[in-house]
Amino acid sequence: MDNLLIQVTGRKQVVLFSPRDAPYLYLTGDKSEVLDLDTPDLEKYPLFAKAQRYECQLEPGDVLFIPALWFHNTVAKVFGVGVNVFWKHLPADFYNTTDTYGNKDPIAASRAMQILDRALKALDELPDEYRDFYARRMVLRIQSKSYSKHYK
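Attention in this report is confined to the structure presented alongside it. Think of each chain on its own: its residues are numbered from 1, step by step along the sequence as written. Reporting of local features is limited, given that this is a predicted model, to residues whose pLDDT is at least 70; pairs of side-chain atoms are given and counted only at 80 or more, and all residues count toward the totals for whole chains, interfaces and linings. In computing side-chain properties, one takes all heavy atoms of the structure into account and sets aside hydrogens as well as water.

**Notes on the packing of aromatic side chains**
What counts, and what does not: Aromatic pairs are defined between Phe, Tyr and Trp rings, using the six-membered ring for Trp, whenever the two ring centres lie within 6.5 Å; interplanar angles under 30 degrees are classed as stacked, those over 60 as edge-to-face, and all others as tilted. Here a strand is any run of E in DSSP of at least two residues, a helix any run of H or I of at least four, and the numbering for each starts at the N terminus. Working definition: with a 1.4 Å probe on protein chains only, accessible area under 20% of the residue-type maximum means buried, over 50% means exposed, and in between means partly exposed.
In this structure the tally under the stated criterion is five aromatic pairs. Ring centres of Y54 and W70 lie 5.7 Å apart, and the angle between their planes is 55 degrees; this geometry places the pair in the tilted category. Of this pair, Y54 sits in strand β5 (residues 53–58) while W70 sits in the loop between β6 (63–66) and β7 (71–76), and the two are 16 residues apart along the sequence. Ring geometry for F133 and Y134: centres 4.9 Å apart, planes at 85 degrees, overall edge-to-face. The partly exposed category is assigned to Y134, whose relative accessible area is 33%.

Take a look at the structure:
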């Protein structure tokens, strides 16, 4: 869901990453394994250096729009109060009805991930060379069928 982050009191540092940078963020689910954004372990996470970081400081009265799918991290610089206002921009039936805060993937995306997990488990039954070959074919098929033509 889209989000307005409203800083009422105090100061907060916010770091954002575009959804296009997902390949560099070492994601496990919707969380990055890179915990220290200011001094990341680039030996352990070398691709993280390719991620484009957008950063700002929120002061009392500031409002930041955080688009759906953007990865973000906030750090309070001093004690403060922030308010988030979320809203859905996809049709209501795209969302899980039990997901009050918008933390779950849209229903179709969640189903696709479950199917992918089953496909990967099936590939595990193959010898390494075959698994590699068919996994690469799957990636190419996903890219050709699902990647948007509007992004480079």
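Back to the write-up after that little detour.
**What about the sheet that holds β5?**
Rule in force here: We treat two strands as partners when DSSP finds at least two bridges between them. All axes here are fitted lines through C-alpha atoms, helices being fitted over the stretch that makes contact, and every angle between N-to-C directions spans 0 to 180 degrees.
With antiparallel pairing, three strands are arranged side by side in an open sheet as β5-β2-β7. Only two strands of the sheet have a single partner each, and these edge strands are β5 and β7. Put simply, the sheet's adjacent strands are angled 15 degrees from each other on average, direction ignored. Note: strand β2 (residues 12–17) against β7, six bridges, orientation antiparallel.

**With respect to the sheet that holds β6**
Pairing is antiparallel across the open sheet formed by three strands, whose spatial order is β6-β1-β8. Strands at the two margins of the open sheet, each flanked by one partner only, are β6 and β8 (81–87). Across this sheet, the average inter-strand angle for adjacent strands is 20 degrees, counted without regard to direction. Note that strand β1 (residues 2–9) and β8 share seven bridges and pair antiparallel.

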